[in-house]
Amino acid sequence: MNRREFLSAGAALSAFSLLPATILAEKTKQMNATKFPQPLEPKIVGDVKEFELFIDIIQHEFAPGMRVHILAFNNQIPGPEIRVNQGDRVRVKFKNKTELNHTIHWHGLHVPWRMDGVPYVTQMPVMPGEEFVYEFVAEPYGTHFYHCHWGTLLHMQSGMFGSFIIENPDDDPIKKQFPYEREYTLVYSAHDTNFMRRELNGMLERMKERMYLMRNGRFDKERFALFDSKQELLDAIERGYQPPYSLSRRAPSDLPVPNWFSVNGKSYPSTPNLYIKEGETIRVRLINAGTEEHFLHLHGHDFWLVCDDGLPVPQPWQQNTLRLSPGKTLDIIIEGKNRGLWTFHDHDTRRVTNNGLYPGGNLLVLAYEDLPDEERMVRPMKMKMAMKPGQKMNMLPKVALDE
Ligand SMILES: [Cu+2]
């Protein structure tokens with residue numbers, strides 16, 4: 001299949017999956033429920049809610065036919081959703097089933113500093129096969145997330161993120177203002193799949209070599225850029241040691257350039273739909289666990305921005321395009337006031353592509369599930385190609401394309 005054929009196949013696929021009959025079918029709706037972070041059930045131990053997280057490498061599908069090896073909490077991308085009440089005592093037992101080091105950082109939570117998950121600052125890395133127990137009180141209220149803090153650039157885009165929601169069930173400040181029944185969590189990320197493959201393999205090989213050398217008493221700390229103090233590093237540089245980052249003077253840097261953009265680990269056409277009914281109000285929790293800025297635009301509506309970094313904003317205001325920076329969470333309220341099927345997508349349209357091809361990426365649909373039957377009818381696209389007898393068919397475009 002050449003590029004042009006591929007592009008037209010993509011267009012056919014997009015037209016198909018946007019048909020109201022397809023999007024509103026019961027089967028689609030059932031499938032759709034699996035496209036949101038799955039709740040993690042705690043074990044109640046005394047007055048503590050105890051959760052178990054493990055990390056392993058799995059094969060994950062961003063979109064049909066696009067599978068990659070990825071780091072997954074509990075075999076899920078994103079990791080399962082942890083949802084607790086404000087003030088709950090929380091324990092998370094974290095088991096490392098990979099051959100790599102990891103930690104978990106609780107982004108936006110006010111945990112004791114020893115629980116913050118920053119390797120060599122608050123704790124030693126959780127080594128292969130090891131377990132680490134995180135304990136803290138759930139504060140503050142709102143939409144937060146967790147992610148790995150070891151090799152953050154690689155491990156985060158390789159799937160190590162999940163939502164962490166702290167609720168105030170009896171006195172929710174947003175529900176008071178905008179009574180809603182349904183809510184959705186959307187976790188955004190961006191992935192350079194070539195960088196992920198190269199770096200994950202490289203890291204696994206380095207770890208294997210490191211273990212071998214350690215076992216044989218030949219481990220060379222400088223080669224692996226490990227120093228006991230900053231002074232030790234400075235002294236080594238003085239004596240001629242070249243830190244790894246100086247080597248890029250001789251070659252282009254290997255910073256990732258994302259080619260896949262995901263919502264809840266899926267790229268269009270696999271992205272989740274947001275279902276709403278006329279007159280209904282829904283809450284959508286947006287989490288940016290990736291490295292890219294997203295400018296999310298909703299067609300046909302002005303939503304309310306109600307929380308920023310989990311914190312209720314003093315005065316909600318309306319907009320139709322928001323800026324979701326890396327590390328930020330924003331909560332919005334959508335009021336079902338304009339029935340139909342509406343797209344909700346990054347207006348930096350480079351991010352609504354899969355490996356450079358449009359449509360793809362973080363494109364998703366707000367769908368009114370009570371759309372009347374007459375609006376579900378598909379208007380067939382008729383090709384008006386009435387040929388006169390003897391007329392020659394000329395399919396070549398008048399302007400040459402790029403191939
Ligand atoms: Cu990690």
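Treat the numbers as computed from the prediction; the structure is a model and nothing was measured.

Reading the values: the criteria
- Residues numbered from 1 in each chain as written.
- Predicted model: local features only at pLDDT ≥ 70, side-chain atom pairs only at ≥ 80, totals over all residues.
- Heavy atoms only, no water.
- Helix = DSSP H or I, 4+ residues; strand = E, 2+ residues; numbered from the N terminus.
- Buried < 20%, exposed > 50% of the residue type's maximum accessible area, 1.4 Å probe, protein only.
- Contact = heavy atoms within 4.5 Å.
- Areas by Shrake-Rupley, 256 points an atom, 1.4 Å probe, with all protein chains shown as cover.
- Pairing = 2+ DSSP bridges.
- Axes fitted to C-alpha atoms, helices over the stretch in contact; angles between N-to-C directions.
- Donors = N, O, S within 2.8 Å, 3.2 Å for Na, K, Ca; no water.
- Polar contact = N/O pair within 3.5 Å; in protein donor to acceptor, adjacent residues only side chain to side chain.
- Expected span 1.5 Å × (residues − 1).
- Salt bridge = Lys/Arg side-chain N within 4 Å of Asp/Glu carboxyl O.
- Core = buried A, V, L, I, M, F, W, Y, C linked by side-chain atoms within 4.5 Å.
- 1 Å grid on protein atoms, 1.4 Å probe; cavity = no way out; pocket = protein on both sides within 12 Å on 5 of 7 lines; lining within 4 Å.
- Points joined across faces, edges and corners; volume = space filled by probe spheres on them.
- Nonpolar A, V, L, I, M, F, W, Y, C, P; charged D, E, K, R; others polar.
- Phe/Tyr/Trp six-rings, centres within 6.5 Å; stacked < 30°, edge-to-face > 60°.
- Lys NZ or Arg CZ within 6 Å of the ring centre and 35° of its normal.

(A) Spatial organisation of the overall build of the chain. Counting secondary structure elements, the chain contains eight helices and 20 strands. Within the chain, buried positions represent 47% of all 403 residues. Partitioning the intrachain contacts of the chain with sequence separation of at least 6 by distance along the chain shows that 74% fall at a separation of at least 24. Accessible surface, the chain: about 21,500 Å² in total, of which carbon and sulfur atoms supply 54%.

(B) Main features of the sheet that holds strand S12 (residues 273-276). The mixed open sheet is built from five strands, whose spatial order is S12-S20-S19-S14-S17. For this open sheet the edge positions go to S12 and strand S17 (321-324), each flanked by a neighbour on one side alone. Shown here is a sheet whose adjacent strand axes are inclined to one another by a mean of 20°, direction ignored. In this sheet, strand S20 (residues 364-368) lies alongside S12 in parallel orientation, the contact comprising four bridges. Residue pairing in the sheet places Ile 276 in a bridge with Tyr 368 of S20.

(C) Expanded view of the pairing of strand S5 (residues 89-96). Sheet topology note: the strand S2 (residues 48-63)/S5 ladder contains eight bridges and is parallel. By the bridge assignment, Ile 55 is partnered in S5 with Asn 96. Pairing analysis gives seven bridges linking S5 to strand S7 (residues 131-137), with the strands arranged antiparallel. Residue Lys 95 lies in a different strand from S7, and its bridge partner there is Glu 131.

(D) View of the coordination of the copper ion. At this site the copper ion is bound by His 102 (ND1), Cys 148 (SG) and His 155 (ND1), with donor distances of 2.0 to 2.1 Å. Donor residues for the copper ion, ordered by position in the chain, follow H-x45-C-x6-H. Residue His 102 is found in the loop between S5 and strand S6 (105-107), and its partner Cys 148 is found in the loop between strand S8 (142-147) and helix H4 (152-157); the two are separated by 46 residues along the sequence. Here His 102 matches Cys 148 in class, with each residue buried.

(E) Representation of the side chain of Glu 292 within the structure. Relative to the helices and strands, Glu 292 resides in the loop between strand S13 (281-288) and strand S14 (294-298). Taking relative accessible area as the criterion, Glu 292 reaches 17% and is therefore assigned buried. A polar contact of 2.5 Å, which involves the side chain of Glu 292, links it to the side chain of Arg 351.

(F) Fine view of helix H6 (residues 193-215). Under the 1.5 Å per step criterion, the end-to-end length of H6 is 33 Å for 23 residues, consistent within 8% with the ideal 33 Å. Three or more residues of H6 are buried, namely Thr 193, Phe 195, Met 196, Leu 200, Gly 202, Met 203, Met 207, Arg 210 and Leu 213. Residues of H6 that are buried sit in contact with S2, strand S3 (66-73), H4, strand S10 (182-191) and strand S11 (260-263). Its side-chain oxygen 3.1 Å from the backbone nitrogen of Asn 194, Asp 192 forms the N-cap of H6. Among the residues trailing H6, Gly 217 stands out with phi positive, at a value near 65°.

(G) Broad picture of the pattern of salt bridges. Using the criterion set out here, one finds 34 salt bridges in the structure. Measuring nitrogen to oxygen at the nearest pair gives 3.2 Å for the salt bridge that ties Lys 277 to Glu 369. In this pair, Lys 277 sits in the loop between S12 and S13 while Glu 369 sits in the loop between S20 and helix H8 (373-376), placing the two residues 92 residues apart along the sequence. Looking at Lys 277, the relative accessible area reads 39%, which means it is partly exposed. Owing to a relative accessible area of 13%, Glu 369 belongs among the buried residues under this scheme. The network of salt bridges with shared partners includes Glu 81, Arg 83, Glu 167, Asp 172, Glu 183, Arg 283, Arg 285 and Asp 331.

(H) Seen up close, the nonpolar core. Grouped together as the largest cluster of nonpolar side chains are 48 residues, with contacts concentrated most on Leu 53, Ile 82, Trp 106, Tyr 134 and Phe 164. Those residues within four positions of Trp 106 in sequence are excluded, and the remaining contacts are Leu 53, Ile 82, Val 92, Val 111, Met 115, Asp 116, Tyr 134, Phe 136, Phe 145, Tyr 146 and Phe 164. Among the nonpolar cores identified, the runner-up in size contains 29 residues, and Leu 24, Tyr 184, Tyr 188 and Leu 366 belong to it.

(I) Molecular detail of the environment of Asp 56. Structurally, the position occupied by Asp 56 is in strand S2. Excluding residues within four positions of it along the chain, Asp 56 makes contact with Ile 70, Leu 71, Ala 72, Asn 75, Lys 97 and Thr 98.

(J) Representation of the layout of surface pockets in the model. Here the largest pocket is characterised by a volume of approximately 1,600 Å³. Looking at the largest pocket, it is lined by 41 residues, and the ones nearest its centre are Arg 206, Arg 210, Phe 224, Ala 225 and Pro 244. At the level of elements, H4, H6 and helix H7 (230-238) are the ones that each hand at least two residues to the lining of the largest pocket. For the lining of the largest pocket, a count of residues per class yields 27 nonpolar, six polar and eight charged.

(K) Region of the structure containing the packing of aromatic side chains. On inspection of all chains with the given rule, the structure shows 13 aromatic pairs. Here the aromatic rings of Trp 106 and Tyr 134 are separated by 5.5 Å at their centres, their planes lie at 75°, and the arrangement is edge-to-face. Pair noted here: Trp 106 is in strand S6 and Tyr 134 is in strand S7, with a separation of 28 residues, a long-range link. Ring plane angle 45° and centroid distance 6.0 Å describe the contact between Phe 136 and Phe 164, whose orientation is recorded as tilted. Pair noted here: Phe 136 is in strand S7 and Phe 164 is in strand S9 (residues 161-167), with a separation of 28 residues, a long-range link. Neither residue differs from the other here; Phe 136 and Phe 164 are each classed as buried. Here the aromatic residues Phe 73, Phe 94, Trp 106, Phe 132, Tyr 134, Phe 136, Tyr 146 and Phe 164 are joined through ring pairs into a cluster of three or more. For the cation-ring pair, Lys 29 lies above Tyr 275, with the distance from its terminal atom to the ring centre recorded as 5.8 Å. Lying across the ring of Tyr 180, Lys 175 places its NZ or CZ 4.9 Å from the centre.

By themselves, these observations are geometric and do not establish any function.
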